[in-house]
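Summary of the model geometry
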Amino acid sequence: DAVLDAPVREIQIVFTAEAAPFGEGFVVLDANGVVVSPSLITSPDSLTWSLVFEEPLAGGTIGVRWTVQAPDAHPISGSFSFEVTAPVKTDDGPDLRIEPSTDVPGSGSPTTRSPQTLDDFLAVEAPMAALSDLVAAAARFLAIAGMVLGVGAVVFRATALGENKGDRRSVLFWIRRGALTIFIGAGFELLSAVGKNGGSWTAIVNLDEWAKILDSSLGIAILMRLVGGGLMMVGSTTRSDRLPASKLLIGGVSLILVSFSFDGHTVTEGARWLHAVVNVVHVSAAVIWGGGVLMLANIVWRRSRRGEPAKVAEMAIRFSGIAGLALAVAGLAGTALTIIVLDEVSEIWSTGWGRVLIAKMAAVGIGAAIGAYNHFAIVPLLSATPTDVENQRLRSTISVEAAAILVVIVLTGILVGANSN
């Protein structure tokens, strides 16, 4: 929004972390409403990018739009404008032309396109980018939901589940479905990343675009989820109601949990190793709590539908202690992650990312409050004198807690893919 009285030959854009132009890169709307590309784009450190123009910009309001990749390979875009009151130079003054360079996306001779308004130029996002963002968001939701469901079910089965064959088969069913959901979500996330990086869905047939994504931390994270989901599916393939301690299953679970340390804010904020360790702890604890609640709700409702005696007191007691510990660890690790990601406390309520975080914390708080009620009120009654009334109360409260967890999953997907400013 600056007002300048001299023609502008060079624009510098400074990022707070390393950035790499991709797609359309850096483009400018001149005072005549024509989109032009810089003649030369350079950067000494991938933080400060200099855009040099063969013909200096002048004669009115200038718009600037940029699209770059963050260090985690997630795309980021933005725009701004400024005004130049000096008229366009028309005399035979000094020759300011330079040799064009095409080493960087967005470099080269000015590209003339159909004239457009400044507002449209600054506001419009490419259709491919919008669709890719939608696909990526849906894919992240599937991957996170599958992780909570599948990995949480594995831990629940190993720590809290009883010997009822029907229950064991039901949990095994959800382990497989969770693993498949992770695999599908990761697959779509990878396709979306390749397509958006290439600027078109046709990029998914370009091996160079695949190589670029797979060589990034985002690609590594997605690939780990793909392989982890596949290993879980193979490791949980058994006709027995008992799940063997499969190395494939354990390996798949480990890959999935660690994968979230290779994308999102783990790569861009704070000390990498510290953020990664805290993130793994947070994700693991949250999955144990969330997946366990979903499995307990599944068993309670399964027995109710079949008209079987509830008899979940022992299972609820075992899981209650595990859930309380997991929730406490997840809360502490989540607080540490927030401190690492945000520069100032005010960003919690002044940024979109912070407001989504508040919504997530509210959903977690609701689930935690219900879990505490179950632990201190319902479970002791079930342990002492289990009745149909108490079983019904547990079924109702555990269902609300499960619903809160589904909300947390959706909000987590938004946080993983969102900017923190």
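Attention in this report is confined to the structure presented alongside it. Owing to the predicted nature of the structure, the values given are computational and were not obtained by experimental measurement. (Residues numbered from 1 in each chain as written. Predicted model: local features only at pLDDT ≥ 70, side-chain atom pairs only at ≥ 80, totals over all residues. Heavy atoms only, no water.)

Examining the environment of T67
As for its position among the elements, T67 is in strand 7 (residues 60-69). Note on T67: relative accessible area 16%, which makes it buried. (Helix = DSSP H or I, 4+ residues; strand = E, 2+ residues; numbered from the N terminus. Buried < 20%, exposed > 50% of the residue type's maximum accessible area, 1.4 Å probe, protein only.)

Some words on unusual backbone geometry
Positive phi, normally seen in glycine, also occurs at S46, with a value near 65°. By secondary structure assignment, the location of S46 is in the loop between strand 5 (40-42) and strand 6 (48-57).

A closer look at the nonpolar core
M147, V151, F156 and M232 are the most contacted members of the largest nonpolar core, which has 44 residues in total. Of all the elements in the fold, those that place two or more residues in this core are helix 2 (127-159), helix 3 (165-198), helix 6 (247-259), helix 8 (272-305), helix 9 (313-341) and helix 12 (388-417). Counting residues per element, this core draws most heavily on helix 8, which supplies 10 residues. With residues up to four places along the chain from it excluded, the contact list for F156 reads L161, G292, M295, L296, I299, M315 and F319. Formed by 22 residues, the second largest nonpolar core is a distinct cluster that contains F15, V28, W49 and L57. (Core = buried A, V, L, I, M, F, W, Y, C linked by side-chain atoms within 4.5 Å. Contact = heavy atoms within 4.5 Å.)

Comments concerning a nonpolar patch on the surface
On the surface, F141, L142, L180, F183, I184, F188, L191, I204, V205, V410 and I414 cluster together to form a nonpolar patch covering roughly 870 Å² of accessible area. At the level of secondary structure, the elements contributing two or more residues to the nonpolar patch comprise helix 2, helix 3 and helix 12. When you line up the elements, I204 lands in the loop between helix 3 and helix 4 (207-214). (Patch = residues over 30% accessible without salt bridge, like charges linked within 9 Å, V, L, I, M, F, W, Y side chains within 5 Å. Areas by Shrake-Rupley, 256 points an atom, 1.4 Å probe, with all protein chains shown as cover. Salt bridge = Lys/Arg side-chain N within 4 Å of Asp/Glu carboxyl O.)

Structural notes on the environment of G413
Among the structural elements, G413 can be located in helix 12. A C-alpha to C-alpha distance of 8.8 Å links G413 and L142, two positions 271 residues apart in sequence. Each residue touching G413, except ones within four places of it in the same chain, is listed here: R140 and I144.

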